[in-house]
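# Secondary and tertiary structure notes
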Amino acid sequence: MTEEEFTPDSEILVIGSLNIDQTYRVDNLPQAGQTLHAEGCFTSFGGKGANQALAARRTGHEVSMIGCVGDDAHGEKYKERFTQEGIQCEAIFTSEKSPTGSAFITLDSRGENTIIVHSGANADLLSEHLDSVQNLFKKASVVLLQLECPLPTVKYAIQLANKYRTPVILNPSPWNSEILDWEVGIDTLIVNQSEACSLFGSSLNASHEKLPELAHIKIQTLILTQGARDTIIYEQEKKAFTVSPPNLQAVDTVGAGDTFAGAYAGAFIEEQQLIADIEFANNAASLSTLKIGAQKGIPSRKEIIEFMKGTTG
Ligand code: RIB
């Protein structure tokens, strides 16, 4: 992976949520019935879909996003910001009936967090919207999705990608067991340990040598991210392997999983070795935890590569 090494005419299509995050910094996360004083409070851009789109864009690739914002100042600002970042926003629709999605985040002194999401306009993204931009599915090199938009829309997006034989990367977060009934093909499924438990009925570790099977979903590669612990990778017909992330002192892990997914999508379309893709995504995710805010710390391709050169000598 070098600073220039990518195909400029490839494109990543992200379908997902755009939220405005309201973050409160507290010593400890609140317990039921407790009132706490916040040490600080700030508003920033977030949403799993948008965070992943930005992380993908920062790997140097063309990115188009399909999503929905409210007919309000937040929605307008979000589209302005993404346009400045070079993300194609023509397929970010505007809902007349709901405000832009929002998230309420508490962040403690150890970098742990809780998140409550209000879907708002994200819930208004429908299959009809996808039909109106089917060409994006056809020309994309990869389609990247999460589960913060309506599930029928996400399922339809995967079906469209399957129809055009465009590879799909799915990060099934926040978890919803409905996806277990979907008859779809996924190239890469990116999960954390709790999502893996929900998918397979038990936690996974590297001694599970084979990619576990699911009844309906066909998966080529399963990536299990574990924060600061080793990432485990399972592929069809191959032995599982692990990749260690760098050891950094996180100040905010909000959006780290999204940075992993977006950076992985960027590396994926460069057709490198899978291990190189995971190393790149792990380094991107770790670097993103050094700044507060879901998108503040998302590193550029140059920053990731320079950091990796520095740590590997
Ligand atoms: O994954 C982090 C994101 O989850 C936040 O930006 C918040 O908006 C929620 O969608």
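Residues numbered from 1 in each chain as written. Predicted model: local features only at pLDDT ≥ 70, side-chain atom pairs only at ≥ 80, totals over all residues. Heavy atoms only, no water.

## What about the layout of surface pockets?
The following threshold applies: Both site types are read off a 1 Å grid over the protein atoms alone. A 1.4 Å probe that fits but cannot get out defines a cavity, while an open set with protein on both sides within 12 Å along at least five of seven lines defines a pocket; lining residues have an atom within 4 Å of a point. Grid points are joined across faces, edges and corners, and a volume is the space filled by probe spheres set on the points. The residue classification treats Ala, Val, Leu, Ile, Met, Phe, Trp, Tyr, Cys and Pro as nonpolar and Asp, Glu, Lys and Arg as charged. All others, Gly included, are polar.
Estimates place the volume of the largest pocket at around 930 Å³. T253, G255, A256, G257 and D258 are the residues nearest the centre of the largest pocket, which is lined by 42 residues in total. In the lining of the largest pocket, the residues fall into 17 nonpolar, 20 polar and five charged.

## A closer look at the environment of N247
The criterion, for reference: For helices the rule is a DSSP run of H or I covering at least 4 residues; for strands it is a run of E covering at least 2, with both sets numbered from the N terminus onward.
Its place among the elements puts N247 in the loop between β14 (241-243) and α7 (256-268). Counting along the chain gives 39 residues from N247 to S286, while the straight-line C-alpha distance between them is 7.8 Å.

## A look at the environment of S202
Condition: Think of it in three bands: residues with accessible area under 20% of the maximum for their type are buried, residues over 50% are exposed, and the middle band is partly exposed, with areas taken using a 1.4 Å probe on protein chains only. Any two residues whose heavy atoms approach within 4.5 Å at even a single point are treated as in contact.
Relative to the helices and strands, S202 resides in the loop between α6 (193-200) and β12 (218-226). Given the relative accessible area of 36%, S202 is considered partly exposed. Here S202 is in contact with A196 and C197, once residues within four sequence places are set aside.

## Quick word on the site of the ligand
Selection criterion: Consider each residue's heavy atoms; a residue with any of them within 4 Å of a molecule or strand counts as near. All accessible-area figures derive from a Shrake-Rupley calculation using a 1.4 Å probe, and residue coverage is judged against the displayed protein chains alone. Just a note on the criterion: a molecule sits in a pocket or cavity if more than half of its atoms are within 2 Å of the grid points.
What surrounds the ligand is a group of 14 residues, the closest being D21, G47, K48, E148 and D258. Summarising the interface, the protein chains cover 96% of the accessible area of the ligand, which totals 280 Å² for the free molecule. When each cavity is represented as a set of grid points, the ligand is found to reside in the largest pocket. Those elements that provide at least two residues to the shell around the ligand are β2 (19-25), α1 (48-57) and β8 (113-118).

## Regarding α7
Put simply, the rule is: The length a helix should cover is 1.5 Å for every residue beyond the first.
A rise of 1.5 Å per residue sets the reference length of α7, with its 13 residues, at 18 Å; its end C-alpha atoms lie 18 Å apart and thus fit the reference within 8%. Among the 13 residues that make up α7, twelve are buried, leaving the element largely enclosed by the rest of the structure. Burial in α7 covers these residues: A256, D258, T259, F260, A261, G262, A263, Y264, A265, G266, A267 and F268.

## Observations regarding the packing of aromatic side chains
What counts, and what does not: Note on aromatic contacts: the rings of Phe and Tyr and the six-membered ring of Trp form a pair at centre separations within 6.5 Å, being stacked when their planes are under 30 degrees apart, edge-to-face when over 60 apart, and tilted otherwise.
Scanning all chains against the criterion turns up five aromatic pairs. Between the aromatic rings of Y24 and F104, the centroid separation amounts to 5.3 Å while the plane-to-plane angle is 40°, which identifies the pairing as tilted. With Y24 in strand β2 and F104 in strand β7 (residues 101-107), this residue pair connects regions lying 80 residues apart in the sequence. Here the aromatic rings of F260 and Y264 are separated by 6.5 Å at their centres, their planes lie at 5°, and the arrangement is stacked. Residue F260 and its partner Y264 are located together in helix α7, separated by four residues, close to a single helical turn.

## Observations regarding the nonpolar core
Using the following cut-off: Definition used in this section: a nonpolar core is a set of buried Ala, Val, Leu, Ile, Met, Phe, Trp, Tyr and Cys residues joined via side-chain atoms within 4.5 Å.
Formed by 44 residues in total, the largest nonpolar core has its most connected members in I15, I66, F137, L145 and I158. Counting residues per element, this core draws most heavily on helix α5 (residues 151-163), which supplies six residues. Ignoring anything within four residues of it in the chain, the contact list for L145 reads I15, Q52, V154, A157, I158, V168, I169, L170 and N171. Counting residues in each nonpolar core, the second largest holds 43 residues, with I20, A56, A265 and L274 among its members.

## Observations concerning the pairing of strand β4 (residues 62-70)
Consecutive side chains of a regular strand alternate in pointing toward one face of the sheet and then the other. Formally: Two strands qualify as a pair provided DSSP detects at least 2 bridges between them.
A large share of β4 lies buried, amounting to eight of its nine residues. In terms of strand pairing, strand β1 (residues 11-15) meets β4 through five bridges, oriented parallel. Bridge pairing in β4 places L13 opposite S64. Two elements, β4 and strand β5 (residues 87-88), share two bridges in a ladder whose sense is parallel. Bridging across to β5, S64 finds its partner in Q88. In terms of strand pairing, β4 meets strand β6 (residues 92-95) through four bridges, oriented parallel. What sits directly across from G67, in β6, is I92.

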